[in-house]
Amino acid sequence: MERELVVEKLISLKNNGQSGKGFYDKIVNKVVSLYNKVKGKKPAKNHILKDGEKHAVFKTKDGALVGAKFAGPGSKTYDNLKELIKENGGDLTKALRSENFASDIDKISLIHDIRYDLFAGDSKKIREADQKYIAKAKEARKVEGNFNTLPAMAGIKAKMIGEDLGILNKDKFSGKAKVLPEDERILYEDVVRRLEQEGYGKQRPERTRIPMNKVECKVCDVFISKKNKTHKGSNKHILNVKIANEK
Ligand SMILES: [Zn+2]
């Protein structure tokens, strides 16, 4: 519960209209470093959020908090990718190894950001990118649990639901086609090719059929008994709704 509250607070800060540029990143950097100090944790690879980055916070296997390098809005994807490669002696293969990412969500977000840049202006490919994101995030959730995965999943899901309902404009999100600088495009295509070979290109599987006597809660992505009258009032559901709304 305590952990959920921290995430909730950080998310509300992120979306506070008065917060302005550079507020969220400073708060997160401060919270992360204080938390680790108090808990005596020394994370190997914390990403200090750059000005304007509204990245997620992950919990590592050792219980340290770290800033995400890629997951979240405002990401300076190309700079952060170059940084990651540099940290690995200029070796892209080494840079993309899973142990370099505090959460698989960060790796999934890297390829998602890249697809958004490569496919800008193509709403069909952007939707595919979102579906691939969700397919991998679901796998990550089974391993890492909710803390690292749920806020990111809820955001992408809410966006897709909004588009399907016609509330959000697909073309607005897919943006205008971009002409990326040559070296950037080549590196991006290389990263996509490598990560897809690792399984980061799977489409979202067809939804399993809803079992008899159950209903689906799309917000929480679970099946619940038709007789369950308390789910919508549960803390977990309310938190998920809040996260989805505020993204
Ligand atoms: Zn629910």
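Residues numbered from 1 in each chain as written. Predicted model: local features only at pLDDT ≥ 70, side-chain atom pairs only at ≥ 80, totals over all residues.

J.: What should I look at first to understand the overall build of the chain in this one?
T.: Helices and strands together make up the secondary structure of the chain, namely ten helices and four strands. Each helix (α) and strand (β) of the chain, taken in turn from the N terminus, gives the series α-α-β-β-α-α-α-α-α-α-α-β-β-α. Expressed as a percentage of its 247 residues, the buried residues of the chain come to 30%. (Helix = DSSP H or I, 4+ residues; strand = E, 2+ residues; numbered from the N terminus. Buried ≥ 20, exposed ≤ 12 C-beta atoms within 10 Å, placed from the backbone.)

J.: Would you mind going over the confidence of the model for the chain with me for this structure?
T.: Reading fine detail from the predicted coordinates is not recommended where pLDDT is low. Mean pLDDT for the chain: 85, with 87% of residues reaching 70 or above. Helix α1 (residues 2-14) is the least confidently modelled element of the chain, averaging 51 in pLDDT, while helix α4 (residues 92-95) averages 97, the highest of any element. Per-residue pLDDT stays below 50 along residues 1-5; that stretch engages in two contacts with residues further than four places along the chain or on separate chains. pLDDT under 50 marks residues 14-19. Its contacts with residues more than four places away, or in other chains, come to five contacts. (pLDDT = per-residue confidence, 0-100. Contact = placed C-beta atoms within 7 Å.)

J.: I'm lost on the environment of R141 in this one. Help?
T.: For R141, the location among the structural elements is in helix α6 (residues 123-144). Sequence-wise, R141 and I105 are 36 residues apart; in three dimensions their C-alpha atoms are separated by 8.9 Å. Leave out the neighbours within four places in its chain, and R141 touches N146 and T149.

J.: Looking at this structure, I do not really get the environment of C220. What am I missing?
T.: Relative to the elements of secondary structure, C220 occurs in the loop between β3 (214-217) and β4 (222-225). By the C-beta count within 10 Å, which is 20 here, C220 ends up buried. As a C-alpha pair, C220 and V241 span 21 residues in sequence and 8.3 Å in three-dimensional space. Among all residues touching C220, those that are not within four sequence positions of it are K236, H237 and N240.

J.: What is the right way to read the pairing of β4 from this model?
T.: For a regular strand, side chains alternate in direction, first toward one face of the sheet and then toward the other. As paired elements, β3 and β4 share four bridges and run antiparallel to each other. Looking at β4, one finds that V215 is bridged to I224. Remark: four residues form the turn of the hairpin made by β3 and β4, two consecutive strands paired antiparallel; D221 in that turn has positive phi of roughly 60°. (Pairing = 2+ DSSP bridges.)

J.: I keep staring at unusual backbone geometry and nothing clicks. Help me out?
T.: Negative phi values dominate among residues other than glycine, just as trans dominates among peptide bonds. Although it is not a glycine, N213 adopts a positive phi angle of roughly 65°. In this structure, N213 sits in the loop between α9 (182-200) and β3. At D221, a position not held by glycine, the phi torsion is positive, near 60°. Its location among the elements puts D221 in the loop between β3 and β4. For D221, a count of 15 C-beta atoms within 10 Å corresponds to the partly exposed category.

J.: I'm lost on the packing of helix α5 (residues 104-118) against α9 in this one. Help?
T.: When two helices pack together, you describe them by how their axes are tilted relative to each other and by the distance separating the axes. Two numbers describe how α5 lies on α9: the axes approach to 10 Å, and their chain directions differ by 135°. In terms of orientation, α5 lies oblique with respect to α9. The chirality of how α5 crosses α9 is left-handed. For the pair α5 and α9, the contacting residues are I108, I111, I114, R115, D117 and L118 in the first and Y188, V191, V192, L195 and Y200 in the second. Here the residues of the contact of α5 with α9 sort into nine nonpolar, no polar and two charged. (Axes fitted to C-alpha atoms, helices over the stretch in contact; angles between N-to-C directions. Parallel < 35°, antiparallel > 145°, perpendicular 65-115°, else oblique. Left-handed = near helix turned anticlockwise from the far one by under 90°. Nonpolar A, V, L, I, M, F, W, Y, C, P; charged D, E, K, R; others polar.)

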